[in-house]
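Understanding the architecture of this molecule
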Amino acid sequence: MRVGMGYDVHRLTEGRRLILGGVDIQYSLGLLGHSDADVLLHAVMDALLGAAALGDIGQHFPDTDERYRGISSLKLLSHVGDLLRRHHYVIENIDSTVIAQQPKLRPYIAQMEQNMADALGIDQSQINVKATTEEHLGFTGREEGIAANAVCLITTIYESSVMVADSRSGCLDCRNC
């Protein structure tokens, strides 16, 4: 089993859309960045890549590469999921937190989780998204930016909890083993 953690932050600015977890959120400010600046997905990707010892998103999707200008981070997350599968990793779970004073994110969380699950080809029950404020403290509290943290657990296809459960299921019914 391998554990990864990720963190990302982007500045809030006028004239940009606010996209978190692949959801376009109606808000007066958006996040500044080379891609769509989705801090949640960036933190998740870094957690997954770190757990697999496959570098980070800056290495895979550099902000100096015009191919990634304005790109949907859901496309990048899907690529990370494919990369993990090619290296024989299975995502067990992802837990993440978005840190933002505004806007309130509760109405969007289920869609964020589903978007990530769809991009990674896993079940929504394997993903948890939380949102919190910093009680008007720091850059997120002053509404200068939004940050996100993520942790994940991955296993190889040989030690996955799904694979272990499937391999044991035959023995549970067999009393002569």
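One can find the structure itself at the top, above this paragraph.
The paragraphs below set out a description of the structure included in this document.

Scoring rules and cut-offs
- Residues numbered from 1 in each chain as written.
- Predicted model: local features only at pLDDT ≥ 70, side-chain atom pairs only at ≥ 80, totals over all residues.
- Heavy atoms only, no water.
- Helix = DSSP H or I, 4+ residues; strand = E, 2+ residues; numbered from the N terminus.
- Buried < 20%, exposed > 50% of the residue type's maximum accessible area, 1.4 Å probe, protein only.
- Contact = heavy atoms within 4.5 Å.
- Areas by Shrake-Rupley, 256 points an atom, 1.4 Å probe, with all protein chains shown as cover.
- Axes fitted to C-alpha atoms, helices over the stretch in contact; angles between N-to-C directions.
- Parallel < 35°, antiparallel > 145°, perpendicular 65-115°, else oblique.
- Nonpolar A, V, L, I, M, F, W, Y, C, P; charged D, E, K, R; others polar.
- Phe/Tyr/Trp six-rings, centres within 6.5 Å; stacked < 30°, edge-to-face > 60°.

What follows concerns the overall build of the protein chain. Helix and strand content of the protein chain: 6 helices and 7 strands. Ordered by position in the sequence, the α and β elements of the protein chain form the string β-β-β-β-α-α-α-β-α-β-α-β-α. Classification of the 177 residues of the protein chain by burial places 45% in the buried group. Put simply, of all contacts in the protein chain between residues at least 6 apart along the chain, 71% involve residues at least 24 apart. A total of about 9,300 Å² of accessible surface is found on the protein chain, and carbon and sulfur atoms cover 52% of it.

The subject of this paragraph is the packing of helix α1 (residues 39–51) against helix α3 (residues 73–86). It is the contact of α1 with α3, at a shortest axis distance of 10 Å, that shows an interaxial angle of 10°. With respect to α3, the element α1 is oriented roughly parallel. When α1 is examined against α3, the residues Leu41, His42, Val44, Met45, Leu48 and Leu49 are found in contact with a partner set consisting of Ser73, Leu74, Leu76, Leu77, Val80, Leu83 and Leu84. Of the residues assigned to the contact of α1 with α3, the class counts are 11 nonpolar, 2 polar and no charged.

What follows deals with the packing of aromatic side chains. How two aromatic rings sit relative to each other is set out by the distance from centre to centre and by the angle between their planes. Taken as a whole, this structure holds 1 aromatic pair when the rule is applied. Ring centres of phenylalanine 61 and tyrosine 68 lie 5.4 Å apart, and the angle between their planes is 80°; on these two criteria the pair is classed as edge-to-face. Just as phenylalanine 61 is buried, tyrosine 68 falls in that class too.

Turning next to unusual backbone geometry. With an omega of -5°, the peptide bond running from glutamine 102 to proline 103 counts as cis. Looking at the element boundaries, proline 103 is found in the loop between β5 (89–99) and α4 (109–120). Unlike most non-glycine residues, glutamate 135 shows phi in positive territory, near 50°. Residue position: glutamate 135 is located in the loop between β6 (127–132) and α5 (138–141). Here glutamate 143, not a glycine, exhibits a phi torsion of approximately 60°, which is positive. Summarising the element assignment, glutamate 143 is placed in the loop between α5 and β7 (145–156). Taking relative accessible area as the criterion, glutamate 143 reaches 31% and is therefore assigned partly exposed.

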